[in-house]
Amino acid sequence: MKTSVLLLVFAALSLPSWAQHGSCCMALGEEAHANFANNAADPAFAAMHETPRPVPTPVGGEMISFTTPDGQTAKAYFVASPKRTNRYLIVVHEWWGLNDNVKREAETWREKLSEVNVIAVDLYDGTVATTREAAGAAMQGLNAERAANILKGAIAYAGPDAVFATIGWCMGGGWSHQASLLAGARAKACAIYYGSPELDVERLKQEQFAPVIFIWPTKDQWINEKLVKGFEGAMTQAGKSLVVKSYEADHAFANPSSQSYLEAASQQANAAVLAFFQTHFR
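To keep things clear, this report deals only with the structure shown in the data block.

Definitions and limits used
- Residues numbered from 1 in each chain as written.
- Predicted model: local features only at pLDDT ≥ 70, side-chain atom pairs only at ≥ 80, totals over all residues.
- Heavy atoms only, no water.
- Axes fitted to C-alpha atoms, helices over the stretch in contact; angles between N-to-C directions.
- Helix = DSSP H or I, 4+ residues; strand = E, 2+ residues; numbered from the N terminus.
- Parallel < 35°, antiparallel > 145°, perpendicular 65-115°, else oblique.
- Left-handed = near helix turned anticlockwise from the far one by under 90°.
- Contact = heavy atoms within 4.5 Å.
- Core = buried A, V, L, I, M, F, W, Y, C linked by side-chain atoms within 4.5 Å.
- Buried < 20%, exposed > 50% of the residue type's maximum accessible area, 1.4 Å probe, protein only.
- Expected span 1.5 Å × (residues − 1).
- Right-handed = clockwise from strand over helix to strand, strands pointing away.
- Pairing = 2+ DSSP bridges.
- Salt bridge = Lys/Arg side-chain N within 4 Å of Asp/Glu carboxyl O.

### Re the packing of helix 4 (residues 100-113) against helix 10 (residues 263-280)
Contact geometry for helix 4 and helix 10: axes closest at 11 Å, N-to-C directions at 50 degrees. The angle between helix 4 and helix 10 falls in the class oblique. Helix 10 is crossed by helix 4, and the crossing has right-handed handedness. On the side of helix 4, the interface is formed by Trp 109, Lys 112 and Leu 113, while helix 10 contributes Asn 270, Val 273, Leu 274 and Phe 277.

Following this line, the structure appears as structure tokens:
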């Protein structure tokens with residue numbers, strides 16, 4: 001009996017840190033994602049997400065495929081640095097999926113950050129929603145374990161010497177945080193635009209991950225003051241670095257294809273994130 005117990009303890013300690021805590025039945029990021037995905041059932045949340053406006057066709061990148069730890073493959077929009085570099089920005093889409101707007105954002109951030117490779121992951125495995133009903137169904141149907149495997153696959157694709165920053169909006173904001181957690185000590189900066197972050201203090205304590213900048217539109221009914229204060233408290237308890245930037249705006253204000261887009265506030269938020277990246281992502 002003693003031998004069996006010791007073997008079980010040794011096996012548990014041999015697991016990576018993210019597998020040693022949290023609910024035994026909870027996939028990585030599942031609770032944070034579920035908290036946000038439940039908003040799809042709110043008619044007010046759906047109503048504010050009108051059909052995305054058209055954006056110019058992306059031209060600076062290409063679709064790539066990579067293997068994932070669950071034995072499958074995943075796809076991403078890849079924008080290469082003009083010079084060889086080990087710096088990678090992981091971009092995570094909104095509830096719409098990997099559409100042209102997100103691909104354009106990937107191109108824009110590649111230009112802003114200069115020498116960096118950008119991987120805009122497709123957590124929906126090819127689904128791109130064009131109606132709020134389809135987007136809500138896709139977000140609620142996203143399997144958290146599969147999403148985490150796609151992010152792990154993207155991290156592995158970048159190679160063992162790569163360092164990372166992460167960025168995401170809406171649903172992707174929460175997954176930007178999960179990507180930073182999964183990248184561990186190689187994550188250097190994380191940007192969350194009005195998404196649902198990890199609030200598990202024990203997981204936050206045990207993981208190595210990047211300093212976080214959180215973009216908060218104060219008119220957002222769902223990413224509201226209670227959630228932001230809860231995140232601040234969790235990060236403080238965990239001894240982690242968090243910067244919150246607030247703007248008098250509503251959810252999706254930084255999405256150029258959204259009816260809620262506010263150009264001035266979006267430019268200010270993007271400038272804050274760029275300065276944050278330039279400080280931490282070297």
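### Observations regarding the nonpolar core
Judged by nonpolar contacts, the single largest core of 95 residues is most densely connected at Leu 89, Trp 109, Leu 123, Ile 167, Tyr 193 and Phe 277. The leading source of residues in this core is helix 6 (residues 144-158), at eight residues. Tyr 193 has contacts with Trp 109, Ile 167, Gly 168, Trp 169, Cys 170, Gly 173, Ile 215, Ala 254, Ala 269, Asn 270 and Val 273, leaving out every residue within four places of it along the chain.

### Section: helix 7 (residues 171-183)
Here helix 7 is 13 residues long and its end C-alpha atoms lie 19 Å apart, about the 18 Å a rise of 1.5 Å per residue gives. The element helix 7 is largely enclosed, with a buried count of 13 among its 13 residues. Backbone geometry just downstream of helix 7 places Gly 184 in the positive-phi region, at approximately 60 degrees.

### Here's the deal with the pairing of strand 6 (residues 187-193)
Most of strand 6 is tucked away: six of the seven residues are buried. A crossover links strand 5 (residues 163-169) with its parallel partner strand 6, the connecting element being helix 7, and its sense is right-handed. Inspection of the sheet shows strand 6 paired to strand 7 (residues 212-217) by four bridges, in the parallel sense. Across the sheet, residue Cys 190 finds its bridge partner in strand 7, namely Val 212. Assessed by its sense of winding, the connection that carries the chain from strand 6 through helix 8 (residues 201-206) to strand 7 is right-handed.

### Overview of the pattern of salt bridges
Applying the stated rule across the entire model yields eight salt bridges. When the shortest N-O distance is used, the salt bridge between Lys 205 and Glu 202 registers 3.7 Å. Here Glu 202 and Lys 205 lie together in helix 8, a separation of three residues that amounts to about one turn. Relative accessible area serves as the criterion here: at 41%, Lys 205 is assigned to the partly exposed category. The exposure class of Glu 202 is partly exposed, given its relative accessible area of 41%. A salt bridge links Arg 203 to Glu 207, with the nearest nitrogen and oxygen atoms 3.9 Å apart.

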